[in-house]
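So the chains spell out like this:
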Amino acid sequence: MARTPVLAAGGIVLRQAATPLVAIVRLRKRNEWVLPKGKLDRGETPRAAAEREVNEETGHDVAVHEFLGTLVYESRGGSKVVHFWRMEAGAEPVRKLMRDVKAVEWLPLADAVERLSRGYERAFLENVGPIAMAAGRVAEIGTRTPEPIRVETINEVRDRRSLVQIMRDWFRRAA
């Protein structure tokens, strides 16, 4: 009879710097570098568990953003299903690390991928990390003051070829 999968949640946790940094944690028990994550408590939603676990394991308060994906792997004879969100952490920790965590490292994406101990987590971060980084940059740009809009005069518009004319010329050359 198949065992019920263990449900867990965590985050790809970013901290803004000249080069954005990704959090990975070193577990005390096995001395492994892993992504911050943990099991859901009874009645807890995956998103709430992700935020709680990341807070406990990194010591940082985080802002939880979009869902990034699910990682499924075998652990102690059963499947583990881990849901991940993109998260942003403040510059400084606000609490001590939980007892199970020995250290937290903030590394550029490529270094974080390389440091992870588990191959399936390296593959996951290698694929999802760039998506998280891009989403973080878009969110950052969205908070900036927009550039003033340049208004063109009627004469400037008339002087340029129309889009339709440009397309016609391209099709003629391509034929």
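Numbering of residues begins from 1 in every chain and follows the order in which that chain's sequence is written. Local features are withheld for residues below a pLDDT of 70 in this predicted model, meaning they are given only at 70 or higher, and side-chain atom pairs are given and counted only at 80 or more; totals for whole chains, interfaces and linings count all residues. As a rule here, side-chain values come from all non-hydrogen atoms in the structure, and water together with hydrogens is ignored.

Helices and strands together make up the secondary structure of the protein, namely five helices and seven strands. Secondary structure elements are defined from DSSP: runs of H or I of at least 4 residues count as helices, runs of E of at least 2 residues count as strands, and each element is numbered from the N terminus. Order of helices (α) and strands (β) in the protein, N terminus to C terminus: β-β-β-β-α-β-β-β-α-α-α-α. When accessible area is computed with a 1.4 Å probe and restricted to protein chains, residues below 20% of their type maximum are described as buried, those above 50% as exposed, and intermediate ones as partly exposed. By the burial criterion, 38% of the 175 residues in the protein qualify as buried. Contacts are residue-level and defined by heavy atoms, with any inter-residue pair within 4.5 Å sufficient. Taking the intrachain contacts of the protein between residues at least 6 apart in sequence as the baseline, contacts between residues at least 24 apart amount to 68%. Accessible surface for the protein amounts to roughly 11300 Å². Of this, 55% is attributable to carbon and sulfur atoms. Where accessible areas are quoted, they stem from the Shrake-Rupley method and a 1.4 Å probe; at the residue level, only the protein chains shown are allowed to cover.

Nine residue types can take part in a nonpolar core, namely buried Ala, Val, Leu, Ile, Met, Phe, Trp, Tyr and Cys, and a core is a set of them joined through side-chain atoms within 4.5 Å. Counting residues in each nonpolar core, the largest one holds 22 residues, and the members touching the most others are Ile12, Val22, Ile24, Leu35, Phe84, Phe124 and Leu125. Of all elements in the fold, only β1 (6–15), β2 (21–27), β5 (62–75), β6 (78–89), α2 (109–115) and α3 (119–142) reach the threshold of two or more residues within this core. Ranked by residues supplied to this core, first place goes to α3 with five residues. In this structure, Val22 is in contact with Val13, Leu14, Glu105, Trp106, Leu107, Leu109, Ala112, Leu125 and Met133, ignoring residues within four places of it in sequence. Leu21, Ala23, Val54 and Met87 belong to the second-largest nonpolar core, a separate cluster that totals 13 residues.

Next up on the list: the packing of aromatic side chains. Between rings of Phe, Tyr and Trp, where Trp is taken as its six-membered ring, a pair exists when centres lie within 6.5 Å; planes separated by under 30 degrees are stacked, by over 60 edge-to-face, and by other angles tilted. Inspection of the entire model under this criterion finds three aromatic pairs. Aromatic side chains Tyr73 and Tyr120 sit 4.2 Å apart centroid to centroid with 20° between the ring planes, which places their arrangement in the stacked category. Of this pair, Tyr73 sits in strand β5 while Tyr120 sits in helix α3, and the two are 47 residues apart along the sequence. Residues Phe84 and Phe124 carry aromatic rings whose centres are separated by 4.9 Å and whose planes lie at 40° to one another, so their mutual orientation is tilted.

Summary of the metric used: pLDDT quantifies the predictor's per-residue confidence within the range 0 to 100. Residue-level pLDDT values for the protein average 84, and 77% of them are 70 or greater. Scored below 50 in pLDDT, residues 144–160 shows four contacts in the model against residues more than four places distant or in partner chains.

For a helix, the expected span equals 1.5 Å multiplied by the residue count minus one. Here helix α1 (residues 46–58) contains 13 residues, and its C-alpha end-to-end distance of 18 Å stays within 8% of the 18 Å for a straight helix at 1.5 Å per residue. Every buried residue of α1 is listed here: Ala49, Ala50, Glu53, Val54, Asn55, Glu57 and Thr58. Packed against the buried residues of α1 are β1, β2, β4 (37–39), β5, β6 and β7 (101–107). Of the residues trailing α1, Gly59 is marked for its positive phi of about 80°.

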